[in-house]
Amino acid sequence: MNNRIIAFRQIVVLALLALTALYAALSLGSVTLGPVEILEALTGSGSNAHHMLVNDLRMPRALAAFATGGLLACAGVLIQVLLRNPLADPYILGVSGGASVGALLAMLAGAGTALTGSAAFTGAFFSTLLVFTLAHGPGGWTPTRLLLTGIVIAAGWGAIISLLLTIGPDGSLRGMLYWLMGDLSYASHFNIALAVLVLGVLLIFPFARQLNLLARGENQARLLGVSVRPLTIGIYFVASLFTATAVMHGGNIGFVGLVVPHMLRLTGGSDHRLLIPGSALAGGALLVAADTLARTLAAPRQLPVGVVTALIGVPLFLYLLTRTRGKL
């Protein structure tokens, strides 16, 4: 009972942090809004300018950032369990590389934002199937074979990305680079990402106990009654879906899927009954805060949000490594 109370308190704290980050995203910008003005804009009783600023610009972007960050953090948790590697992140299996190639090809063809996102998702899904098929050897696939195949495929995608950047027209180069560095400027359609996050968390939460056992090793999980093969296949495809959806909306945003699971394990333990919902909240809060900084630090210019997450993630991850020295 005490553990449940502690976990509940941690979830409440993370939820409050997420709400604080969302409030800051609605408040800060070229025009600073107070809580009363935000409430009036949300209820439709404020000025038209404030209503447009909150409901048409800041709220959709903030919710897209929250959903994207939550998806990346949850994907990081699943990938680390799947590979039994605490340094694994959502991009390690080449999903983001396939998405990047799809998005860049769409940009070169002059496609709009919606088609670019669809092309990114298609590329990510193709990369997922490619890695899964190639990693399946005569005796099935193992985490090591899956990891090595993903690294090789990611390197191949990287070469194609470099080629596309080289042959691309100068007029498209800036947009292509911003997408590769992570950009939420056009991520206003948050409904899909938010739906995938909520449904995905509800889907994988009942398997938290099996994830706890699998994290200790396949043999131990199998001895304790876990159907390892269906579970690992499910983990792989759910994590890939999370990553593909996140990349479709925000491009390549690093460190969220790597840092957030470590941070939660350090503060709340390794129980996936806490890690799964906690990662959704903490990842969302982190990316909302990073995106708010990205659009306000150098205003009126906007920084790529991936640059901000890297600037936050590098020192934070190094600090976490010093706290967990000897445990990895």
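Calculation notes
- Residues numbered from 1 in each chain as written.
- Predicted model: local features only at pLDDT ≥ 70, side-chain atom pairs only at ≥ 80, totals over all residues.
- Heavy atoms only, no water.
- Helix = DSSP H or I, 4+ residues; strand = E, 2+ residues; numbered from the N terminus.
- Rg over C-alpha atoms; globule rule 2.2 N^0.38 Å.
- Buried < 20%, exposed > 50% of the residue type's maximum accessible area, 1.4 Å probe, protein only.
- Contact = heavy atoms within 4.5 Å.
- 1 Å grid on protein atoms, 1.4 Å probe; cavity = no way out; pocket = protein on both sides within 12 Å on 5 of 7 lines; lining within 4 Å.
- Points joined across faces, edges and corners; volume = space filled by probe spheres on them.
- Nonpolar A, V, L, I, M, F, W, Y, C, P; charged D, E, K, R; others polar.
- Core = buried A, V, L, I, M, F, W, Y, C linked by side-chain atoms within 4.5 Å.
- Salt bridge = Lys/Arg side-chain N within 4 Å of Asp/Glu carboxyl O.
- Phe/Tyr/Trp six-rings, centres within 6.5 Å; stacked < 30°, edge-to-face > 60°.

Secondary structure summary: the chain contains 14 helices and zero strands in total. The helix and strand sequence of the chain, counted from the amino end, reads α-α-α-α-α-α-α-α-α-α-α-α-α-α. Relative to the globule expectation of 20 Å for 328 residues, the C-alpha radius of gyration of the chain, 20 Å, shows essentially globular dimensions. Summarising its shape, the C-alpha atoms of the chain cover approximately 65 × 60 × 35 Å along the three principal directions. Looking at the chain as a whole, 49% of its 328 residues are labelled buried. Nonlocal contacts in the chain, meaning residues at least 24 apart in sequence, comprise 76% of its contacts between residues at least 6 apart.

Quantified by volume, the largest pocket comes out at close to 700 Å³. When residues of the lining of the largest pocket are assigned to their parent elements, the largest contribution, six residues, is made by helix H7 (residues 170-181). In the lining of the largest pocket, the residues fall into nine nonpolar, 15 polar and two charged.

Below, the discussion takes up the nonpolar core. Of all hydrophobic cores here, the largest spans 93 residues; its most connected members are Leu78, Ile79, Leu83, Leu146, Ile235 and Phe242. Residue contributions to this core peak at 20 residues, all from helix H3 (residues 48-83). Those residues in contact with isoleucine 235 that sit more than four places away from it in its chain are Leu78, Val81, Leu82, Leu211 and Leu214.

Here glycine 171 is to be found in helix H7. On the basis of relative accessible area, glycine 171 is assigned to the exposed category, the value being 75%. Separated by 32 residues in sequence, glycine 171 and leucine 203 have C-alpha atoms that sit 43 Å apart.

Okay, unusual backbone geometry next. One non-glycine residue, arginine 84, lies in the positive phi region at around 50 degrees. Among the secondary structure elements, arginine 84 is positioned in the loop between H3 and helix H4 (95-108). Here the phi dihedral of phenylalanine 255 falls at roughly 75 degrees; this positive angle occurs in a residue that is not glycine. Residue position: phenylalanine 255 is located in the loop between helix H11 (228-250) and helix H12 (256-268). Residue class for phenylalanine 255 comes out partly exposed when judged on its relative accessible area of 27%.

On to the pattern of salt bridges, then. Summed over all chains, the structure comprises four salt bridges. Residues arginine 61 and aspartate 291 are paired through a salt bridge, measuring 2.8 Å at the closest nitrogen-oxygen approach. Of this pair, arginine 61 sits in helix H3 while aspartate 291 sits in helix H13 (residues 272-296), and the two are 230 residues apart along the sequence. You'll find arginine 61 and aspartate 291 in the same group, each marked buried. The network of salt bridges with common partners includes Arg84, Glu218 and Arg222.

Here we take up the packing of aromatic side chains. Any aromatic ring pair is given by two values, namely how distant the centres are and how the planes are angled relative to each other. Counted under the stated rule, the structure contains four aromatic pairs. With 6.3 Å between their ring centres and 70 degrees between their planes, phenylalanine 126 and tryptophan 157 make a pair best called edge-to-face. Placement of phenylalanine 126 in helix H5 (residues 113-134) and of tryptophan 157 in helix H6 (residues 143-167) is noted, with a sequence separation of 31 residues between them. Here the aromatic rings of phenylalanine 132 and tyrosine 236 are separated by 5.6 Å at their centres, their planes lie at 25 degrees, and the arrangement is stacked. Of the two residues, phenylalanine 132 is situated in helix H5 and tyrosine 236 in helix H11; the sequence distance between them amounts to 104 residues. Assessed through its relative accessible area of 16%, phenylalanine 132 is described here as buried. The exposure class of tyrosine 236 is buried, given its relative accessible area of 0%.

Any functional reading would require information beyond the geometric quantities listed.
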